[in-house]
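Commentary on secondary and tertiary structure
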Amino acid sequence: MDQAESQSLSLEYALLAGLIVVLLAAAAGVWWLLRRRAVKSTAARLRQACEDLLSSVLIPSAETGQIHIEYALLTGNSIVVVDVRDVAGHVFGSETMHEWTVLDAGRRSTFPNPLPVLYDRVAAVRRLVPDVSVRGYVVFTSRAHFNKGLPPNVALMEGFVAGLIAEKNAATESHARELLAQAWAKLRTQSSGSAK
């Protein structure tokens with residue numbers, strides 16, 4: 001192989017490597033945009049189903065100083081703390097299991113039971129606003145399937161949003177709504193983070 005052939009081969013390899021880098025960057029960009037759109041669409045769906053929403057905020061916690069709240073929703077009769085999980089496959093879990101299992105296309109994976117962390121978040125909100133109802137849910141996107149039924153305080157996004165919309169449309173006592181509005185204002189002022 002002479003020098004001209006060697007340079008030509010090196011140039012071809014460099015062009016191929018450059019093309020691979022460009023394709024990988026484009027794929028990463030598409031993945032990032034789709035992920036960002038999914039996050040925005042979750043917040044948008046929750047926002048349409050409630051009266052007000054806090055997203056990705058920190059609130060004071062007696063145990064840890066501060067605790068992260070993924071979503072806090074103001075509904076017609078309560079404040080709802082929501083953790084969203086985007087898991088694909090058949091999910092098997094219960095309130096008492098330490099780890100939950102996901103089976104998807106022959107692959108098996110596990111993740112820690114999300115309920116204890118949710119309960120800590122709900123407790124932190126209740127400490128701030130003890131005079132109103134505070135509930136909490138781990139909400140899974142439509143990619144998750146629970147063949148054995150949903151554990152307590154776990155919901156699927158579609159049903160959860162439909163329930164919130166029905167609750168939003170139901171009339172409540174004006175005194176209770178005043179207390180709820182005051183509690184929400186307190187929660188809002190006590191929270192810090194990216195989106196209020």
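Residues numbered from 1 in each chain as written. Predicted model: local features only at pLDDT ≥ 70, side-chain atom pairs only at ≥ 80, totals over all residues. Heavy atoms only, no water.

**Quick notes on the environment of His-68**
By the element assignment, His-68 lies in strand 2 (residues 65–74). Separated by 56 residues in sequence, His-68 and Ala-124 have C-alpha atoms that sit 9.8 Å apart. Apart from the residues within four sequence positions on either side, His-68 is in contact with Ser-56, Val-57, Leu-58 and Arg-121. (Helix = DSSP H or I, 4+ residues; strand = E, 2+ residues; numbered from the N terminus. Contact = heavy atoms within 4.5 Å.)

**What to know about the sheet that holds strand 6 (residues 107–112)**
Pairing is mixed in the open sheet, where 4 strands are placed in the order 6-5-4-8. Of all strands in the sheet, those bounded by a partner on one side alone are strand 6 and strand 8 (144–145). The pairing of strand 4 (residues 89–92) with strand 5 (residues 99–104) spans 3 bridges and is antiparallel. Residue pairing in the sheet places His-90 in a bridge with Leu-103 of strand 5. (Pairing = 2+ DSSP bridges.)

**Things to note about unusual backbone geometry**
Of note, Ala-105 is a non-glycine position whose phi angle comes to about 50°, a positive value. With respect to the helices and strands, the residue Ala-105 is situated in the loop between strand 5 and strand 6. At Asn-153, a residue that is not glycine, the phi angle is positive and equals roughly 65°.

**Describing a nonpolar patch on the surface**
On the surface, a cluster of nonpolar side chains totalling about 700 Å² of accessible area is made up of Leu-9, Tyr-13, Leu-16, Leu-19, Ile-20, Leu-23 and Leu-24. When you line up the elements, Leu-24 lands in helix 1 (residues 3–48). (Patch = residues over 30% accessible without salt bridge, like charges linked within 9 Å, V, L, I, M, F, W, Y side chains within 5 Å. Areas by Shrake-Rupley, 256 points an atom, 1.4 Å probe, with all protein chains shown as cover. Salt bridge = Lys/Arg side-chain N within 4 Å of Asp/Glu carboxyl O.)

**Focus on the confidence of the model for the chain**
On average, the chain scores 87 in pLDDT, and the residues at 70 or more come to 89%. Mean pLDDT per element in the chain: strand 10 (residues 192–195) is the minimum at 67, and strand 7 (residues 134–140) is the maximum at 98. (pLDDT = per-residue confidence, 0-100.)

**A few points about the packing of aromatic side chains**
Taken as a whole and judged by the stated rule, the model has 5 aromatic pairs. Seen from their ring centres, Phe-111 and Phe-140 are 6.4 Å apart, and the 50° between their planes marks the pair as tilted. Highlighted residues: Phe-111 in strand 6 and Phe-140 in strand 7, separated in sequence by 29 residues. Residue Phe-140 is classed as buried on the basis of its relative accessible area of 0%. What links up through ring pairs into an aromatic cluster is the set Trp-100, Phe-111, Phe-140 and Phe-146. (Phe/Tyr/Trp six-rings, centres within 6.5 Å; stacked < 30°, edge-to-face > 60°. Buried < 20%, exposed > 50% of the residue type's maximum accessible area, 1.4 Å probe, protein only.)

**Examining the environment of Val-81**
With respect to the secondary-structure elements, Val-81 resides in strand 3 (residues 79–85). Sequence separation between Val-81 and Tyr-71 is 10 residues; the distance between their C-alpha atoms is 5.9 Å. Excluding residues that lie within four positions of it along the chain, Val-81 makes contacts with Ile-69, Tyr-71, Leu-118, Arg-121, Val-122, Val-125, Val-134, Arg-135, Gly-136 and Tyr-137.

**Remarks on the nonpolar core**
Counting 32 residues, the largest nonpolar core has Ile-79, Val-125, Phe-140 and Leu-187 as the members making the most contacts within it. Taken together, the elements giving at least two residues each to this core come down to strand 1 (52–61), strand 2, strand 3, strand 5, helix 2 (115–128), strand 7 and helix 4 (174–190). Ranked by residues supplied to this core, first place goes to helix 2 with 6 residues. Ignoring any residue separated from it by four or fewer positions in sequence, one finds Ile-79 in contact with Leu-73, Leu-74, Val-125, Val-129, Val-132, Ser-133, Val-134, Arg-135, Leu-180, Ala-183, Trp-184 and Leu-187. (Core = buried A, V, L, I, M, F, W, Y, C linked by side-chain atoms within 4.5 Å.)

**A few points about the pattern of salt bridges**
Close approach of charged atoms lets side chains of opposite charge pair. In this structure the tally under the stated criterion is 7 salt bridges. The partner of Glu-158 in a salt bridge is Arg-45, and the shortest N-O contact between them spans 3.7 Å. Here Glu-158 is found in helix 3 (residues 157–169), whereas its partner Arg-45 is found in helix 1, with 113 residues between them in sequence. Owing to a relative accessible area of 30%, Arg-45 belongs among the partly exposed residues under this scheme. With a shortest N-O distance of 3.4 Å, Arg-107 and Asp-104 are connected by a salt bridge. Look at Arg-107 and you get exposed, because its relative accessible area is 56%. For Asp-104, a relative accessible area of 26% puts it in the partly exposed group.

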